[in-house]
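Per-entry structural report
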Amino acid sequence: MEKKGDQLDRENFCCSICLDLLKDPVAIPCGHSFCMNCIEAHWDGEDQRGIHSCPQCRETFTQRPVLKKNFMLAALVDQLKKTGLQAAHADHCYAGPEDVACDFCSGRKRKATKSCLFCLASYCEKHLQPHYDSAPLKKHKLVEPFKNLQENICSLHDEVMKMFCRTDQKYICYLCSVEEHKGHDTVSAVSATEWQRELEVRREEIQQGIQDREKDVKLLQQEVEAINHSADKTVEDSEEMFTQLIRLIHKRSSDVKQQIRSQQETEVSRVKELQEKLEQEITELKRKDAELKQLSNTEDHNQFLHNYPSVSALSGSPHSSGIKIRPLRYFEDVTAAVSELRDKLQDILGDSWTNVSLKITDVDVLLSEPTSRAGFLRYLCKITLDPNSANRRLLMSKENRKVTDLEKRHPYPDHPDRFTDFSQVLSRESLTGRCYWEVEWSGVGAYVGVSYKNVSRSGRECGIGWNEKSWALDCGPDRYAFYHNDVSTSISGPDSSRVGVYLDHRAGLLSFYSVSDTMTLLHRVQTTFTQPLHAGIHLYVQSYAEICKLE
């Protein structure tokens, strides 16, 4: 454990350039610490690039930081040396079998920290110091220590090989380049340094790309977790709402059933009551009929006359009951009403389900633009032009889909939305979400684009693409240009009189396509839209443009 602690201490207080204990320690802006001489030498080699970097984390600094000795860290290193760390570190700095040894150490060799390509020797930190202090030696090329430096000596001329023959793919000395390799494609070995610097810059770009992609991977993982959480919560909420809906339908079904049974019981009771009354009347009438029959058959006239007054009141005809029965229609109206309710619910659920299904399929986290015209047409939106915004030089079609610049003014009424200085018009519809439409133009040219509604209606700043509130593609014979905030960008692409516009408002994506037999991307904008957008058209003189009807 003690040995492990010593190793940890060495790692904390050693310079990552020379691998030795810090000497005159300095901390650079990224927070890492180095020997002052080591970091100065490192940055001396980067001066030509104009960008200085941390050898440990590769963070770059446009201006070379000013270094000041960290006295607290220096005092801490000195104190650790006094407690025995230096002795432990001494063993750590001696060269082992796999290490490059210092060529100038006598006795036990220390590890080399640098090799000099000019001296063809390797140096430990102590013997390397003259290369930092002596002006002539500062010009020598120092590299990471490596063995077999003598392989850099030309065997023919006993000179340092400072040239590289591309023809024969080998290192050579200067005499070789003018003798054995005369006429070959040769370059100075110094060029390799430049290429190495270029590679280092490329490595930094790659490392930055790795960091960016690692961040993207983390973001995507967060998106996965967010999608799963949202989906689980939505499934739970929708199940609860469907359960409530089913419970409500069951309750309404039970209520209807209960009301029918209650009404059934009432009506049956009323009918039976009336039926019992009629049966009592029938019994009474039969009794009276029997008395009348008996009296009518009496042969004794005296007895007949005696009993006649008491039964004469029975001679009257009984009244009809007046009962009328509805022919075979009792609760059929309820069935019809429930059937009508069912049909309405089916229609509502059908329309609502279509809306729910569209909302589900519209969930799209990633910035994925369609790759085919059929894919774009999926987001086709209906666009009509707003006559209240049309400049008086524009002639509008009846359907408000086509505009023409006729170089004469039309008697349109005043309106605060009307453009006064340019032949342009905006759409009635505000655009959010994903939208696609196509514009056919002819004549001198047209600007096709989008704009916030609160764009200025007069002055040069109202032109579509000439302000920070609008984006437009300038289309003309043999030319394209993109405009935003009065800055133009020339664009090359196939000539076409039809332009497709794709907008993903939430993703901040706006793309323009040349549409013919195929679709060719002309320009793409990635930004952040803060308001709903409106489609816009700005016409050149004697030109027309039309929002295409697509299926």
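The model shown is predicted, which means the values in this text are computed figures rather than measured ones.

Rules used in this analysis
- Residues numbered from 1 in each chain as written.
- Predicted model: local features only at pLDDT ≥ 70, side-chain atom pairs only at ≥ 80, totals over all residues.
- Heavy atoms only, no water.
- Patch = residues over 30% accessible without salt bridge, like charges linked within 9 Å, V, L, I, M, F, W, Y side chains within 5 Å.
- Areas by Shrake-Rupley, 256 points an atom, 1.4 Å probe, with all protein chains shown as cover.
- Salt bridge = Lys/Arg side-chain N within 4 Å of Asp/Glu carboxyl O.
- Helix = DSSP H or I, 4+ residues; strand = E, 2+ residues; numbered from the N terminus.
- Buried < 20%, exposed > 50% of the residue type's maximum accessible area, 1.4 Å probe, protein only.
- Contact = heavy atoms within 4.5 Å.
- Core = buried A, V, L, I, M, F, W, Y, C linked by side-chain atoms within 4.5 Å.
- Pairing = 2+ DSSP bridges.
- Axes fitted to C-alpha atoms, helices over the stretch in contact; angles between N-to-C directions.
- UniProt positions renumbered as here; feature names shortened; annotations may be inferred.

**Quick notes on a nonpolar patch on the surface**
A cluster of nonpolar side chains, contributed by Phe242, Leu245, Ile246, Leu248, Ile249, Leu341, Leu345, Ile348 and Leu349, occupies part of the molecular surface with about 800 Å² of accessible area. Broken down by secondary-structure element, the contributors of at least two residues to the nonpolar patch are helix H7 (189–296) and helix H9 (332–361). If you tally residues by element for the nonpolar patch, the top one is H7, at five residues. Structurally, Leu341 is set in helix H9.

**Remarks on the side chain of Asn467**
With respect to the element layout, Asn467 can be found in the loop between strand S15 (446–452) and strand S16 (470–476). In this structure Asn467 comes out as buried when scored by relative accessible area, which is 8%. Discounting chain neighbours no more than four positions away, the residues touching Asn467 are Val455, Glu461, Cys462, His484, Asn485 and Asp486.

**Re the nonpolar core**
In globular proteins that are soluble, nonpolar side chains generally tend to be buried together. Counting residues in each nonpolar core, the largest one holds 37 residues, and the members touching the most others are Leu431, Trp437, Trp471, Leu473, Leu510 and Ile537. Contact partners of Leu510, with chain neighbours within four places excluded, come to Val450, Trp471, Val501, Tyr502, Leu503, His523, Arg524, Val525 and Phe529. One finds Ile28, Phe34, Cys38 and Leu80 within the second-largest nonpolar core, a separate group that totals 20 residues.

**Side note on the sheet that holds strand S12 (residues 402–405)**
Within the open sheet, the seven strands sit side by side as S11-S12-S23-S14-S19-S20-S21. Their pairing is antiparallel. With one partner strand each, in any of the chains shown, strand S11 (394–396) and strand S21 (519–526) form the two edges of the open sheet. Ignoring which end each strand starts from, the neighbouring axes of this sheet average 20 degrees apart. Strand direction decides the pairing type here: S11 and S12, joined by three bridges, are antiparallel. From the neighbouring strand, Leu394 faces S12, where its bridge partner is Asp405.

**With respect to the UniProt feature "coiled-coil region" (unreviewed entry) in the protein**
The positions that UniProt labels "coiled-coil region" (unreviewed entry) are, in the present scheme, residues 203–230 and 261–298. Regarding residues 203–230, the helix share stands at 100% and the strand share at 0%, and the terminal C-alpha atoms are separated by 40 Å. Helix makes up 95% of residues 261–298 and strand 0%. Its end C-alpha atoms lie 55 Å apart.

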